[in-house]
Amino acid sequence: MSGRLFDRVALIGIGLIGSSLARVLRRDSPGTTIVACARRAETLATVRRLAIADETTQDPAAAVAGADLVVVATPLSAYSEIGRCIAPALREGAIVTDVGSVKGAAIEALAPTLPDRVQFVPGHPVAGTEHSGPDAGFADLFHDRWCILTPLPDTAPEAVAKIAALWEMAGMRIATMAAEHHDKVLAVTSHLPHLIAYTIVGTATELGQDLQSEVVAYSAGGFRDFTRIAASDPVMWRDIFLANREAVLELLQRFSEDLTALQRAIRRGDADTLHDWFARTRAIRRSIIEAKQA
Ligand code: NAP
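Residues numbered from 1 in each chain as written. Predicted model: local features only at pLDDT ≥ 70, side-chain atom pairs only at ≥ 80, totals over all residues. Heavy atoms only, no water.

*Asks:* How should the packing of aromatic side chains be read in this particular structure?
*Replies:* The relative placement of two aromatic rings is captured by the distance of their centres and the angle of their planes. Evaluation of the coordinates by the stated rule reveals two aromatic pairs. An angle of 70 degrees between the planes, with centres 5.1 Å apart, marks the rings of Phe142 and Trp167 as edge-to-face. Of this pair, Phe142 sits in the loop between strand E7 (123-126) and strand E8 (146-149) while Trp167 sits in helix H6 (residues 157-169), and the two are 25 residues apart along the sequence. The burial state of Phe142 is the same as that of Trp167; both residues are buried. Here Trp237 and Phe241 contribute two aromatic rings whose centre-to-centre distance is 5.7 Å and whose plane-to-plane angle is 45 degrees, an arrangement assigned as tilted. Pair noted here: Trp237 and Phe241 are both in helix H10 (residues 234-243), with a separation of four residues, about one helical turn. In this structure, Trp237 and Phe241 share a single accessibility class: buried. (Phe/Tyr/Trp six-rings, centres within 6.5 Å; stacked < 30°, edge-to-face > 60°. Helix = DSSP H or I, 4+ residues; strand = E, 2+ residues; numbered from the N terminus. Buried < 20%, exposed > 50% of the residue type's maximum accessible area, 1.4 Å probe, protein only.)

Given below as C-alpha cells:
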C-alpha cells in the first residue's frame, strides 16, 4: 500500500471545482492517477492542454473503472443519470463523494443508484467564483475555506475520514452536519444572496436605455458587486434553486417581511430603525472579517 490517500481518482465533471481539485491532487499527491470525465470533447481537450489529468474520457463508466475515489462535480441535475451510469462499473470498496451545493437533493439523486459495495460521502467545498470550466480552476480556490460533509447514517467513519483528509490537503477546514441543516444554512449564506443579485441586475437591465448606460458607468456604487454574483453559471444556479426550493422559499418569506419593514421605515422617516438595522449588519461584516472569511 502507498502512503497516498488515493491511487486512482475519477473526476466526473471537470469545471471550476473538479479542475481545482485536480490541480490540488497534481500538487500534493504525486503518483495519484487522475481521470477526468466531461460531456464535451472541447472540455477534455482543454484538460489535456492544461495537463491536469492523466486520462480523459467522455464515458463516466469508463472513468470510474478501477478508481478508489470518484468525485461527482457536475451540475446537480446530472446526478441521477451519472449515478445510474457509473454504478455497475464501481470497484469494491471505492469511495464516492460529490461537491454539490445542495446536499438533500444530491443524496436523493445519487444514494439510491449506488451499490452496497461502495461508500458514499456527500460533501460541499464552500468555495467558488463566478467563473466556470477547467480554465477557471486553481489549486488555492479551497484555501482556508470550509468543506461541509453530510454523511449518511450508514456511511463508514473511515470513508468520511478519508474525504476529510482529501479536503484538508486542499487547505480546507472540515465541518460535519446533517444534509437538511446544511441546506438551510446555505440558503441564508449563498442561495438568497444570489437570488437578490439576480433580481437587482435583472431589474436594472429592464430600465430605459439612458439610465442603463449610467448604471454601467457608475456601477462602483454597489451595483458592481451584485453583477459579479449575478454572472454565476446559469445552469448551476437554476439547479440550486430547484433543488433547495423549500429552504429558499421559507427564507424568502422572511426576507420579504424584513424588506417591507425597511420600506415602512423609509416611508415614515424612521431614522432610528434604519440606523439600528444598519449598525447591526455592520457588526456581522466585522465578525466575518475576524473569522478570516471575508
Ligand atoms: P462547471 O465549471 O460548469 O463544470 C461542470 C462540469 O460538469 C463540466 O466539466 C461539464 O462538462 C460537466 N457536466 C455537466 N453536465 C454533465 C453530464 N450530464 N455528464 C457529465 N458531465 C457533465 O461547474 P462547477 O462550478 O465546477 O460546479 C460543479 C458542481 O460544484 C455543482 O454541482 C455545484 O453546485 C458545485 N459547487 C460549485 C461552486 C461554484 O462556486 N462554482 C462551489 C461549490 C460547489 P462539459 O464542460 O463537457 O459540459
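*Asks:* Explanation requested: the site of the ligand in the structure shown.
*Replies:* Not every one of the 26 residues close to the ligand is listed here, only the nearest: Arg39, Arg40, Thr43, Thr74 and Ser101. Within the backbone of Ile17, one N or O atom sits 2.9 Å away from an oxygen atom of the ligand. At a separation of 2.6 Å, an oxygen atom of the ligand approaches a polar side-chain atom of Ser101. For the ligand, whose unbound accessible area comes to 900 Å², protein coverage reaches 90%. Of all the secondary-structure elements, those providing two or more residues to the shell around the ligand are helix H1 (16-28) and E7. (Near = heavy atom within 4 Å. Polar contact = N/O pair within 3.5 Å; in protein donor to acceptor, adjacent residues only side chain to side chain. Areas by Shrake-Rupley, 256 points an atom, 1.4 Å probe, with all protein chains shown as cover.)

*Asks:* Would you mind going over the pattern of salt bridges with me for this structure?
*Replies:* Two side chains with opposite charge may pair up if their charged atoms get near one another. Per the stated rule, a full pass over the model turns up 11 salt bridges. One salt bridge connects Arg4 with Asp7, and the closest N-O pair in it is separated by 3.1 Å. Looking at Arg4, the relative accessible area reads 31%, which means it is partly exposed. With relative accessibility at 34%, the residue Asp7 sits in the partly exposed group. Residue Arg49 is joined to Asp135 by a salt bridge in which the shortest nitrogen-to-oxygen separation is 3.2 Å. Of this pair, Arg49 sits in helix H2 (residues 41-50) while Asp135 sits in the loop between E7 and E8, and the two are 86 residues apart along the sequence. Residue Asp135 is classed as partly exposed on the basis of its relative accessible area of 49%. Connected via shared salt-bridge partners are Arg27, Asp28 and Asp140. (Salt bridge = Lys/Arg side-chain N within 4 Å of Asp/Glu carboxyl O.)

Function cannot be read off these values alone, since they describe shape.
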